[in-house]
Amino acid sequence: MTAPRALLAPHARPLDLGGRTALVTGAAGGIGRACALRLAAAGAKVRAVDRDAAGLEALADRAHGLAGAVEPHVLDLTDLDAAELAAAGTDVLVNNAGIQLVRPIEEFPPDVFHTVLTVMLEAPFRLIRGALPHMYGQGWGRIVNVSSVHGLRASAYKSAYVAAKHGLEGLSKTTALEGAPHGVTSNCVNPAYVRTPLVEKQLADQAQAHGISEERVLAEVLLKDSAVKRLIEPEEVAEAVAYLCGPQASFVTGTSLVLDGGWTAH
């Protein structure tokens, strides 16, 4: 079977999300901020969701002059009903928000474990649930779940985070299978350690857990299994997210795009 002529164009088409509405969680900083700006630069109207009101306002200011726009939406994702409602009418959904605590299992607070899974697994489910009716109705949608190398591999002292990311991988694949007949793709992006406030906090937590300096944590723990010995920049992750929203990725669904500097090549 010959591919449609439109797909045989010699040059890749740029990402154009003009007229599309995107929702990005955890948008006030780090990966979420970079994703919101990247999608707004492609013309999307971005619903920037976070509980950090000041961070969202700063993001909206930074987005002035881009082809699209950023609309701050202050929301705590533990309010699951509100999260589902916030996703209604979106064309692109980026589930990015995350929290982390580094503790041995026997010392891990059960309430924190519950909160991590609520924010990082149950909230994405509710957001997807809220977004799919609109996506199905128009026959097009893009769901990108910012997972992690920890969605594919485990590390000690991160029981809640690893459990949530592994669950997100399964949710993403199930969404891909159900969404395919409706023109909706669902994928994960799996970075290793990204230069974000979340990782900076991990340095301190891991230093305490291992009884070593933060400098040694970075070199001997965080980057130990990475062939490329540096942190990933948030903008690099945002470009991977943008690729999965573009026309070149219309056949990419149910998979995980790994940005781990060679970690999982071992």
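Nothing here was measured: the structure is a model prediction, and the numbers come from that model. Residue numbering note: each chain is counted from 1, following its sequence as written. Under the rules for a predicted model, residues below a pLDDT of 70 receive no local features and side-chain atom pairs below 80 are neither given nor counted, while totals for whole chains, interfaces and linings still include all residues. Water and hydrogen atoms play no part in the side-chain values, which are based on all heavy atoms of the structure.

J.: Would you take a moment to explain the pairing of strand β1 (residues 21-25) for this structure?
T.: Looking along a regular strand, one sees the side chains alternate between the two faces of the sheet. Exposed residues in this analysis have more than 50% of their type's maximum accessible area, buried residues have under 20%, and partly exposed residues fall in between, with area computed by a 1.4 Å probe over protein chains only. By the criteria applied, helices consist of DSSP H or I runs no shorter than four residues and strands consist of E runs no shorter than two, each listed in order from the N terminus. Counting buried residues along β1, 5 of its 5 residues qualify, which places the element largely inside the surrounding structure. Taking every second residue as pointing to the same face, both faces of β1 are buried, with Thr 21, Leu 23 and Thr 25 on one and Ala 22 and Val 24 on the other. For two strands to be treated as a pair, DSSP must find at least two bridges joining them. Where β1 and strand β2 (residues 45-50) come together, 5 bridges link them in parallel fashion. The residue bridging Thr 21 from the neighbouring strand is Lys 45, located in β2. Convention used here: a crossover is right-handed provided that the path from the first strand, over the helix, to the second strand proceeds clockwise when the strands point away from the viewer. Read as a crossover between parallel neighbours, the route from β1 over helix α1 (residues 30-41) to β2 is right-handed. In this structure, β1 lies alongside strand β4 (residues 92-95), joined through 3 bridges in parallel fashion. Bridge pairing links Val 24 to Val 94 in β4.

J.: What exactly am I supposed to notice about the packing of helix α6 (residues 197-210) against helix α7 (residues 214-222) here?
T.: The relative placement of two packed helices is expressed as an angle between their axes plus a distance between the axes. The contact between α6 and α7 brings their axes to 9 Å, and the two run at 95 degrees. In this view, α6 runs roughly perpendicular relative to α7, as classed from their interaxial angle. Contacts between α6 and α7 pair Val 199, Leu 203, Ala 204, Gln 206, Ala 207 and His 210 from the former with Glu 214, Val 217, Leu 218, Val 221 and Leu 222 from the latter. Residue classes follow a fixed rule: Ala, Val, Leu, Ile, Met, Phe, Trp, Tyr, Cys and Pro count as nonpolar, while Asp, Glu, Lys and Arg count as charged, and any other residue, Gly among them, counts as polar. Tallied by class, residues from the contact of α6 with α7 come to 8 nonpolar, 2 polar and 1 charged. Here an axis means a line fitted to C-alpha atoms, over the contact stretch when the element is a helix, while the angle between two N-to-C directions is reported on a 0 to 180 degree scale. Throughout this description, any angle smaller than 35 degrees is read as roughly parallel, any larger than 145 degrees as roughly antiparallel, any in the 65 to 115 degree range as roughly perpendicular, and the remainder as oblique. We call two residues in contact whenever any of their non-hydrogen atoms come within 4.5 Å of each other.

J.: What am I meant to see in the packing of aromatic side chains here?
T.: Two aromatic rings are characterised by how far apart their centres lie and by the angle between their planes. Stacked, tilted and edge-to-face pairs are distinguished by plane angle, under 30 degrees for stacked and over 60 for edge-to-face with tilted covering the rest, among Phe, Tyr and Trp rings (Trp via its six-membered ring) whose centres lie within 6.5 Å. Taken as a whole and assessed by the stated rule, the structure comprises 2 aromatic pairs. Geometrically, the ring pair formed by Phe 108 and Phe 113 is edge-to-face, given 6.2 Å between the ring centres and 85 degrees between the ring planes. Consider the rings of Tyr 193 and Trp 263, whose centres lie 5.8 Å apart with planes at 20 degrees: the pair is stacked. On the criterion of sequence distance, the pair formed by Tyr 193 in the loop between β6 (184-191) and α6 and Trp 263 in the segment after β7 (256-259) is long-range, its members being 70 residues apart. Each of the two residues, Tyr 193 as well as Trp 263, counts as buried.

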